[in-house]
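Listed below, chain by chain, are the residues.
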Amino acid sequence: MAVMLAHQTDLLPTGEPKPATAGKPQLADGSPVPDTAPMIAFDRVTLSYGPLTVLSDVSFRINPGTVNCVIGPSGCGKTTVLRLVGGFLQATAGNVSVAGEQRLRPTRDVAVVFQDYSRALLPWRTVYDNVSLALEAARTPRNERGDLINTMLALVGLRDHARKFPSQLSGGMQQRVQIARCLAQQPKILLMDEPFGALDAMTRGVLQDELLRIQQERGVTVLFVTHDLEEALYLGHRVIALAPNPGRVHALVDVPLPFPRNQLTTREDPLFLQMRRELFGLTHGHTV
Amino acid sequence: MPADRNGRLWRLVDPAPIGVIALLLLLWQLDVSGSDFVSDTLASPGAVLLALGRLVLDGDVLRAAAATLTAALLGMAVGVGLGAALGLLSGLFPPVAAAIRGPVVLLRPLPAIALVPFMTIALGLGLAMETWVIAFAVFWPAVTLTQQAVRQMDLQLLEVADALELGLLARVSKLVLPAIVPRLVVMLRFAAAIALLIAVTVELVSNPRGLGHEMMLAAEAFTPAPMLAYLVVIALLGWAVNWVLVASERRVLAGMRP
């Protein structure tokens, strides 16, 4: 197991992944992930509330245009990582930067898809007007909004539901509305906090594939928090495995599975199964 | 949908209690009719009804009701307007809440009606004095209820606003106000009841205008029929104001959750 992991991961909590040789991570179009400036960088980040240390000495870098899944048992600080990138929290020590700039507060170029879609949408606005909120916030001229909103709704397959209210939609559709609103922000980064956790398995699979398609189309960088290891492997170019008490990086694992991924073939891929087995041992070994 | 709306109207005008009241009035009238009933404090329902008819025809009732209603509405506009604005600010900004906590604790328990002498000296008798006493009375509940409404808002929505970098004005108009509208309407009902109570009380105590004053004049002249007629009008006015607010509350709430 250790041999297998050695060439694709770096188990040192503070380390950067070693230059990959075999199984170099690929972008959706099959090209290798470029060694450009990171879109998100955690540099020895610690966050504590008084005596309680939530994150301890966390370091990692995320390349632009990649999907990165944060996994780990509850209490390991997954959501805290996301909130730091969102600018909702400030690190006690260390540095969180987005596109080379220190993260001090939320900005429109980082969009947040909240897990609880019903609380993140405005129940008094239609689907169309919920997406419009992002454009109103960006002061997009009124006459340009319509086309943009319709483009975003088409992207998530909700063109025919524009005039409905969130309460008239299923959970999966409401989450699509939230994703459409976030995309309307024209973000560089999409932060997703267990976005499909409340959905049934079938809807979840469909939305996972849609997310990958949209991510490829828009070239957005995704930071995806989940407690579902298989979901993390299925979606990610890379998996950031955290360990709890205090939250720290346990492993940074590149996922060299080819794109486009497929709910059947990818999940049956021997590499997928092998990685699942190894990461399962890694993440669960630590909770005991 | 129209059937549903009719149903709502029927629930607002419940026939059962009206029937009970009509029965009681009828019994009272029958009891009085059988005797030589003379009183300085009570009149028969028939006499009250006659007096009411006369006052309506004279236009006295309308004038007095308009005077009372004007003061109540103006007072509400001032008190609820200022109170809701301050409640909104203190709900959004903890430092504002901390700053007003002292004055709120100090001034809120003060019965508004106790301000009548002071306001009379400051503003003289009349509409202005009555308006300001009412405004004072509704200001405090408006502040605290609005502040609570904002505080009880889903924080997730405020994070959505943060992530979108919404400015203060957009945040309030697009997120906060729509989110607290249901609570604001409840606050408005509460304020309306207080406004009417204070208006009539100020008129009873000293202000020579409106329904309260007319009722007081009738009482001083020992003419119970018009006095009770005015009492009926005040009751009807309170009921009507509440009816309008309940109806608009239902309409707003129906619009919120389509």
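Predicted, not measured: the structure shown is a model, and the values here were computed from it.

Caption draft 1: Here's a closer look at the overall build of chain A. The secondary structure content of chain A amounts to 10 helices and 11 strands. Scored against the burial criterion, the 288 residues of chain A give a buried share of 55%. For chain A, the proportion of contacts with a sequence separation of at least 24, taken over those separated by at least 6, is 68%.

Caption draft 2: Expanded view of the packing of helix α4 (residues 60-92) of chain B against helix α5 (residues 94-107) of chain B. All names here are of chain B. Two elements in contact, α4 and α5, have axes whose closest approach is 5 Å; the angle formed by their N-to-C orientations is 120°. With respect to their mutual orientation, α4 and α5 come out oblique. Facing L86, L89, S90 and L92 of α4, the residues of α5 in contact are P94, V96, A97 and I100. Of the residues that constitute the contact of α4 with α5, the class distribution is 7 nonpolar, 1 polar and no charged.

Caption draft 3: Structural detail: the interface of chain B and chain A. Counting residues at the interface gives 16 residues for chain B, matched by 25 residues for chain A. Buried surface at the junction of chain B and chain A, summed over both partners, amounts to about 1900 Å²; 60% is from carbon and sulfur atoms. Linking E159(B) and R83(A) is a salt bridge whose minimum nitrogen-to-oxygen distance equals 2.6 Å. Contributing elements (two or more residues each) for the side of chain B that touches chain A: α8 (155-163) and α9 (168-205) of chain B. The element that contributes the greatest number of residues to the side of chain B that touches chain A is α8(B), accounting for 6 residues. A class-by-class count of the residues in the side of chain B that touches chain A yields 10 nonpolar, 1 polar and 5 charged.

Caption draft 4: Representation of the confidence of the model for chain B in the model. Residues and elements named next belong to chain B. Of the residues in chain B, 91% have a pLDDT of 70 or more, and the chain-wide mean is 87. Scored below 50 in pLDDT, residues 1-5 shows 0 contacts in the model against residues more than four places distant or in partner chains. Reported confidences for the modelled complex are a pTM of 0.76 and an ipTM of 0.78.

Caption draft 5: Inspection of the sheet that holds strand β5 (residues 93-98) of chain A at higher detail. All names here are of chain A. Taken in spatial order, the 4 strands line up as β3-β2-β5-β6 in an open sheet, and their pairing is antiparallel. At either margin of the open sheet sits one strand with a lone partner, and together these are β3 (52-62) and β6 (101-102). Relative to β3, strand β2 (residues 40-49) runs antiparallel, the two sharing 7 bridges. Bridge assignment links L47 to a residue of β3, and that residue is L55.

Quick notes on the rules
- Residues numbered from 1 in each chain as written.
- Chains lettered and ligands numbered in written order.
- Predicted model: local features only at pLDDT ≥ 70, side-chain atom pairs only at ≥ 80, totals over all residues.
- Heavy atoms only, no water.
- Helix = DSSP H or I, 4+ residues; strand = E, 2+ residues; numbered from the N terminus.
- Buried < 20%, exposed > 50% of the residue type's maximum accessible area, 1.4 Å probe, protein only.
- Contact = heavy atoms within 4.5 Å.
- Axes fitted to C-alpha atoms, helices over the stretch in contact; angles between N-to-C directions.
- Parallel < 35°, antiparallel > 145°, perpendicular 65-115°, else oblique.
- Nonpolar A, V, L, I, M, F, W, Y, C, P; charged D, E, K, R; others polar.
- Buried area = accessible area lost by both parts, 1.4 Å probe.
- Salt bridge = Lys/Arg side-chain N within 4 Å of Asp/Glu carboxyl O.
- pLDDT = per-residue confidence, 0-100.
- Pairing = 2+ DSSP bridges.

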